[in-house]
Amino acid sequence: MDWWTHILVPVAAVAGGMAAGGMMIAVLGAPLLLTLPPQRYVALHQLLVTRFDPFMPACLLTALAANLALAVVAPRGAAQALYAVAVVLLTGTVLVSLTRNVPINKWLKTLDPDCLPPDFDRLVHRRVRWRNWNLVRASFTLVALGVNGVAIGVLI
C-alpha cells in the first residue's frame, strides 16, 4: 500500500464511524423525542441540533472525501469498487440530510418552545417524518461503514 492509502483508510473509517455513531444517537433518541410534549420536544430538538452541528457534517463530509479519494487511489480494484459504493451511500446520506432533515431542523430552530403556533400539534407529523428520514440516512451511513470494513479486509 502507498502512503495515501495508509492515511486515507483510517481517516475514512474513523470519520465514517463517528458519523454513524452520531446517526445512531439520533436513531436511539428518536422514540423518546416522539413521546415528549410539544414544548419539550422543540426545546430538546433545538439543543441537540446545536450540539450535532457542525460536528456531524464535518465527520460526514470527511468520510465522503476520504472514501472518494480511496475509490481512485486504493491499490486493489475490489477495494476501489467498495469505496465507490461507500461514496454512493454517503452521498445518499448527504442528500437526505440536506433535502429532508435540515429543512425540518431549520423550521424548528425558528420556534419559541414557550410560544408554539396554535396548530403545532397538527404538525406532529414533522416529528415522524424527521425520524423516518433519519432512519434512512442512518442506514446509509451504517452500511457505508460496513462497506469500509470489508474494503479494509480486502486491503489487508
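To be clear, the structure that these remarks concern was listed above.
Residues numbered from 1 in each chain as written. Predicted model: local features only at pLDDT ≥ 70, side-chain atom pairs only at ≥ 80, totals over all residues. Heavy atoms only, no water.

Caption draft 1: Representation of unusual backbone geometry. In the segment running from Asp53 into Pro54, the intervening peptide bond is cis, with an omega of 5 degrees. Among the structural elements, Pro54 can be located in the loop between helix 2 (38–52) and helix 3 (55–73). (Helix = DSSP H or I, 4+ residues; strand = E, 2+ residues; numbered from the N terminus.)

Caption draft 2: Representation of the packing of aromatic side chains. Applying the stated rule across the entire model yields two aromatic pairs. The interplanar angle of 10 degrees and the centroid separation of 5.9 Å between the aromatic rings of Trp107 and Phe120 together place this pair among those described as stacked. In this pair, Trp107 is assigned in helix 4 (residues 77–109) and Phe120 in the loop between helix 4 and helix 5 (125–155), connecting sequence segments 13 residues apart. Exposure remark for Phe120: the relative accessible area of 3% places this residue in the buried category. When the ring centre of Trp107 is taken as reference, the NZ or CZ atom of Arg126 above it lies at 4.0 Å. (Phe/Tyr/Trp six-rings, centres within 6.5 Å; stacked < 30°, edge-to-face > 60°. Buried < 20%, exposed > 50% of the residue type's maximum accessible area, 1.4 Å probe, protein only. Lys NZ or Arg CZ within 6 Å of the ring centre and 35° of its normal.)

Caption draft 3: A look at the nonpolar core. Ranked by internal contacts, the top residues of the largest apolar core, which has 17 residues, are Ala19, Leu60, Leu64, Leu90 and Ala144. Sorting the residues of this core by element identifies helix 1 (3–35), helix 3, helix 4 and helix 5 as the ones contributing at least two each. Setting aside residues no more than four positions away along its own chain, Leu90 makes contact with Leu60, Ala63, Leu64, Asn67, Thr141 and Ala144. Judged by nonpolar contacts, the second largest core, of 12 residues, contains Ala26, Ile104, Phe120 and Trp130. (Core = buried A, V, L, I, M, F, W, Y, C linked by side-chain atoms within 4.5 Å. Contact = heavy atoms within 4.5 Å.)

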